[in-house]
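# Coordinate analysis (summary)
Here is how the chains run, residue by residue.
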Amino acid sequence: MLDQLSQKLQTIFRNLRGEGKLSPDHIEQALREIRLALLEADVNFKVVKQFIERIKVRALGQEVMESLSPSHQVIKIVRDELVETLGGTSPRLNFSAKLPSVFLIVGLQGSGKTTSTGKLARWLNRNGHRSYLVSIDVYRPAAREQLSIIAREVDVSVYAGEGVDDPLKLCREALREAGNSGYDVLLIDTAGRLHIDEQLMQELRKVKELANPSEILFVADAMTGQDAVKSAQEFHNQLGLTGVILTKLDGDARGGAALSIKTVTGQPIKFVGVGEKYDALELFHPDRLVSRILGMGDVLSLIEKAEEAIDHKKALEFEKKLRSDSFTLEDFRDQLRQMRKLGPLEQILSMLPQVGPFKELTKVKVDEKELLHIEAIINSMTPKERNHHQIINGSRRKRIARGSGTSVQQVNQLLKQYVQARKMMKQVGSGIFGKRFGRMKLPDLG
Amino acid sequence: MQTLFGPQEKGFFSKLKEAVASTRSHLVTKIEDVVKGKKEIDAELLDDLEAILIGADLGVETSNEVLEKIRNQVSRKQINDPTQLKFLVKDELKRILDSTDGRVLDKEVAGTRVIMVVGVNGVGKTTTIGKLANLYRQKEKKVVVCAADTFRAAAIEQLEIWGRRAGVDIIRQKTGADPSAVLFDAITASKSRAIDILIVDTAGRLHTKNNLMGELEKMKRIAGREIPGAPHEVLLVIDATTGQNGLVQAREFTRSVGVSGIILAKLDGTAKGGIVVAIARDLKIPIQYVGVGEKVDDLIQFSSEHYINSLFE
C-alpha cells in the first residue's frame, strides 16, 4: 500500500520542485490518496475525515525541508500525527489501593477475550504480580472450561465455581477467594456480547458496580471494520473503558480499527496480541502500528528483536571473518542459530515492509525443516571439515549424509550453496547484522 | 434483539429482516437522510453516498464501482432525481451479489457428503457448525460432526454441547491430536454408519500462517483420498464485523483449500455486512448461509434477493 501511496504522492509532487512551500493544491491531492489508504486500512470514515482535517492544517504552508522530498514530508506529517493520536496517554495499567485490583475484560464475541485474559495473567505474573482468574461467561458453551484450561497452561490459579451459574455470584465468590488467598489482581473474563444487547450490557454494569474494577479493558479484533467505532463507543458509554487490547495482530489486517477505537474512546491501547502462544502479548507501541496502518512493515520490532537475540560480540566477530574471508561452515552454523533465535523465519519476514526489494521476500514460504536439515548436516561434520570444506570428498560426504539422516545430494547442495554464499559475501564485503539492520530503518525514505 | 432468552420462533424472512435491521437503519436511512431536501444529484451528494457505502464496509473499490455506475447515468442525464439514488444503489448491490458463480449447495452425492468449515480465529465456526448440523438433521439427514479443532482450549467441549443441542453425534479425540487423524476416524465412522452429512470443525487460523494452512490442505487431501470428491463443500466463516481483511481471508483460504461458499456469521451483531458484497464482487464466491443469532436455529440460507429486499423495503 505504501509503495503505491509513495508513488502516487511522488507523482503529485513532481511538479513541486523549486517551490519553497507545500501548496494547498498539492496537499489537497496528496490528502485524497492518504484518505483512501486509511479507508482501505479500515479506519472509520468519520475518523478519517477529522484526521485529514488535522493533517491539512499541519501540512499547509510548511517549508519544504531540504532533507526530505515533499512526498516524504507529507508522509512524515501523517506518521507523526498518527503516532500522536494513537499514543499520547500513558499505557500503564492501573491498580487499586485496596487488594485485589480487579481487571474486567470485555468485548464482542470472538474478539479473543478468554485467550487475552490468560495471556495478561501470565504477563502480570511475570512482572511480579499474583493474579487470579474467573470466567463469568455462563452463556457460551465451554467458555469457562476454556479459561480453566488456559489457566492451567499458563500456570495461574482460576476460580472454577462449579455448580454456580450466576455471573454476579461467581464474581463475588472469586473476589472473596482472591482476597483470602492473597492474590493482588483478579481478572474477570466476561461473556462476549453484541454492543446492542441491552440485557447483557446491564449485567456488565452490575458486575462493574460490584467489583469496582481499576481496569476495564476492551478486547478488539484488529480485523474489525467500520463497526469498530460503534461497538467501542457503546461499551465506553455503558462502562467507561480504561484501555484496549488489540488482538490478532499476527495476521495481515492493517489494524485501522485501532485508530477508530482510540479516537472515539480516548482510551489508550495497552496491549497487542501477536500470536496463538500464551506469551504472544506485547506492550503497545504506537509507532509500529502506524507503520502497519500505512503499510510500512514493522521494521522497528524486527530491529528490537534482532538486538535482543543477537550476540553483539559474535556479530562483530562474524563481520571481521567476512572481511578476512575466513567464513567457515562453523560460522555458518553459528549464524543459522543466531537467526533462529529471532523466531520463526516467517514471522520475521512478515515484519518487513511490503516495499521495494522486501516485497517478494515477505511472500517467500520458508521451510523451517530445511534449516534443521542444514544444521544436522553441519553437525555431522568433523571440526576439521567445518573449517576446511575443501577436504570433504566423496566418502566424507557419504558419511556426513548417513550421520545427519540426509542424502548425499543434500550435502552436495549445502556445500554448493555455502561456496556461493562465500563468494557473494566477499563481494558485499561488509557487515550483515549491525550495518544492514541500521540501514533498514525507514526503507521507504531510501 | 435475540438473546438466549429472546423471542420465540420466527419466520425465515422476519429473522433476516431483524438481523439486518441495524444495517438497514444505517445504510438506507442514511441514504434517505442525505437525499432529503436535495433537488438534484450533485457532487456533494455523491460524496456523501461514498462515505455511506464505505462506512458499510463495502471497501473503496466496490464503493467506487457502484458510484461510477451512478455517475455515468447522471452524466448521461438518465437520472437526476435524488430519491432514485436508493434504488440505484439497490440494483447495483444486487447485481454484484448475483454475479457470483452460482454454485449449487447440496448437490446429491452417493454416500457421505463431507463439509469442511474453515476460518480465522473467533469468527464463530463451532457455533455455526452446531446450527448447520441442526439444519441438516431437520431435513431428515443423518449427521455427524467431527471435532478437528484439537488446538484451542475447550473447543471440543464446546462442539460437544452444540452437538447435543442439534441432536447429532460427534467424533472426537483428545486435545492436541492430529486433526487429520480425527478426520480420518470421522470418515471411517461415517462410512460404516451410512452417514449422509459429515461436518468438520477446524481450528481457527490466520491465513498468514503457512504451516497451519498446510495442515488444512492435508486434511483436504485425506478427505479426498478416503471419499472421492470430498470435501464436497469448504465453507469459509466470516465475521460480519470484519473489515477489508475479510477479502484477504477469502482469497487466501480459496488459494489453499478452495472455498466453495461463505457463511456470514454474527450478522445480528453488526451494523454493516458490506464485506459480503465486496467478497462477491472480487472473488465470485457465493454466500450460502447467514448467522443471525445465538440459538441453534439461527442460521438461514442466504438469498441475495431477500437480503437486499430486507435492506431496502
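As the structure is a prediction and not an experimental result, all values here were calculated from the model.

## Here we look at the domain arrangement of chain B
Domain assignment breaks chain B into domain 1 (7–99) and domain 2 (113–303). A C-alpha centroid distance of 31 Å is found between domain 1 of chain B and domain 2 of chain B.

## Re the pairing of strand β2 (residues 143–148) of chain B
Residue and element names in this part refer to chain B. Burial runs high along β2: 6 of the 6 residues are buried. Neither face of β2 is exposed, since Val-143, Val-145 and Ala-147 on one face and Val-144, Cys-146 and Ala-148 on the opposite face are all buried. One ladder, built from 6 bridges, connects β2 with strand β4 (residues 197–202); its direction is parallel. The residue bridging Ala-147 from the neighbouring strand is Asp-201, located in β4. Summarising the sheet, β2 and strand β3 (residues 169–171) pair through 3 bridges and their orientation is parallel. Opposite Val-144, over in β3, you have Asp-169 as the bridge partner.

## So, the interface of chain A and chain B
Reports of interface size often rely on the accessible area that becomes lost once the parts have come together. In this assembly, 37 residues from chain A lie in contact with 49 residues from chain B. Both faces considered, chain A and chain B share a buried interface measuring about 3,700 Å² in area, 57% of it formed by carbon and sulfur atoms. By the criterion of area lost to chain B, the three top residues of chain A are Pro-141, Met-223 and Glu-276 of chain A, representing 17% of everything that side buries. The tally of links between chain A and chain B comes to 2 salt bridges. Remark: the boundary between chain A and chain B carries 15 residue pairs in polar contact (both at pLDDT 80 or more). Breaking the side of chain A that touches chain B down by element, the ones donating at least two residues are α2 (24–40) and α6 (143–154) of chain A. Looking at the side of chain A that touches chain B residue by residue, the class counts come to 13 nonpolar, 10 polar and 14 charged.

## Some points on the pattern of salt bridges
A side chain of one charge can pair with a side chain of the opposite charge if their charged atoms are brought near each other. Scanning the model with the defined rule gives 35 salt bridges over all chains in all. A salt bridge links Arg-140 of chain A to Asp-137 of chain A; the nearest nitrogen and oxygen atoms lie 3.9 Å apart. A relative accessible area of 27% means that Arg-140 of chain A is categorised as partly exposed. In this structure, Glu-198 of chain A engages Arg-205 of chain A in a salt bridge whose closest nitrogen and oxygen atoms are separated by 3.1 Å. What makes Glu-198 of chain A partly exposed here is its relative accessible area of 41%. Through salt bridges with shared partners, a single ionic network connects Glu-61, Glu-65, Lys-69, Glu-92, Arg-95, Arg-251, Arg-281 and Asp-282 of chain B.

What counts and what doesn't
- Residues numbered from 1 in each chain as written.
- Chains lettered and ligands numbered in written order.
- Predicted model: local features only at pLDDT ≥ 70, side-chain atom pairs only at ≥ 80, totals over all residues.
- Heavy atoms only, no water.
- Domains from an automatic or database assignment.
- Buried < 20%, exposed > 50% of the residue type's maximum accessible area, 1.4 Å probe, protein only.
- Helix = DSSP H or I, 4+ residues; strand = E, 2+ residues; numbered from the N terminus.
- Pairing = 2+ DSSP bridges.
- Contact = heavy atoms within 4.5 Å.
- Buried area = accessible area lost by both parts, 1.4 Å probe.
- Salt bridge = Lys/Arg side-chain N within 4 Å of Asp/Glu carboxyl O.
- Polar contact = N/O pair within 3.5 Å; in protein donor to acceptor, adjacent residues only side chain to side chain.
- Nonpolar A, V, L, I, M, F, W, Y, C, P; charged D, E, K, R; others polar.

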